[in-house]
Amino acid sequence: MQPSTLKVKKDLTNLTETAGILSIQPHWGRYKWDAESTPLKVFFLAEEVAAAGFGPDVVPLDDAGDPASVNYQMLIVPLLAVVKAQQAQIEALNSRLDAAHL
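Once a new chain begins, its residue numbering starts again from 1 and follows that chain's sequence as written. This being a predicted model, a pLDDT of at least 70 is required before a residue's local features are given, and a value of 80 or more before pairs of side-chain atoms are given or counted; all residues contribute to the totals for chains, interfaces and linings. As a convention, hydrogens and water are excluded, and side-chain values are obtained from all of the structure's heavy atoms.

The name recorded for the protein in an unreviewed UniProt entry is Peptidase S74 domain-containing protein, from Subtercola vilae.

Structure below.
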């Protein structure tokens, strides 16, 4: 497990660009080696996550340099940034509605 304390971090900036993550399409499907009776799973496709701007920390590459998998744990932080941005929009809209009803 890697440390995540301020003591070991530098060059910090707020993550505000969230458009990339919103372009990723979730999919239902099976692996090619799964039996047809295997329940459908939820997936992101590594190619789509890489195309959304995520690098090899999120989308490790295979020996040929192609997207190979998705490190789902690394998507938590950008997803939280999206939620926070949307919450700020909701609160701004609510404030305008409240002001309009006064």
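Each helix and strand counted, the protein has three helices and two strands in total. Only DSSP runs of H or I covering at least 4 residues are called helices, and only runs of E covering at least 2 are called strands; the numbering of each starts at the N terminus. Reading the protein from its N terminus to its C terminus gives the helix and strand order α-β-β-α-α. Taking 102 residues into account, the globule formula puts the C-alpha radius of gyration at 13 Å, and the protein, at 19 Å, lies well above it. Projecting the C-alpha coordinates of the protein onto the three principal axes gives extents of approximately 60 × 40 × 25 Å. The globule rule used for comparison is 2.2 Å times the number of residues to the exponent 0.38, while the radius of gyration itself is calculated over C-alpha atoms.

Between the first and last residue of a helix there are one fewer steps than residues, each counted as 1.5 Å, and that sum is the expected span. Helix length check: helix 3 (residues 76-100), at 25 residues, gives a terminal C-alpha distance of 36 Å against a target of 36 Å (1.5 Å per residue), a fit within 8%. Any two residues whose heavy atoms approach within 4.5 Å are treated as being in contact. Tucked into the core, helix 3 has its buried residues touching helix 1 (19-22).

Centres within 6.5 Å are what make two rings of Phe, Tyr or Trp a pair, Trp counting through its six-membered ring; a difference in plane orientation under 30 degrees is then read as stacked, over 60 as edge-to-face, and the rest as tilted. Evaluated as defined, the whole model comprises three aromatic pairs. Arranged with centres 4.9 Å apart and planes meeting at 85°, the rings of tyrosine 31 and phenylalanine 43 form a pair that is edge-to-face. Highlighted residues: tyrosine 31 in the loop between strand 1 (27-29) and strand 2 (41-43) and phenylalanine 43 in strand 2, separated in sequence by twelve residues. The class for tyrosine 31 is partly exposed, based on a relative accessible area of 38%. Accessible area is worked out with a 1.4 Å probe on protein chains only. A residue is then buried under 20% of its type maximum, exposed over 50%, and partly exposed in between. Given the relative accessible area of 13%, phenylalanine 43 is considered buried. Their ring planes at 20° and their centres at 5.8 Å tell us that phenylalanine 44 and tyrosine 72 sit as a pair that is stacked. With phenylalanine 44 in the loop between strand 2 and helix 2 (46-51) and tyrosine 72 in the loop between helix 2 and helix 3, this residue pair connects regions lying 28 residues apart in the sequence. The class of phenylalanine 44 is partly exposed, set by a relative accessible area of 23%. Among the aromatic residues, those joined into a cluster by ring pairs are Tyr31, Trp33 and Phe43.

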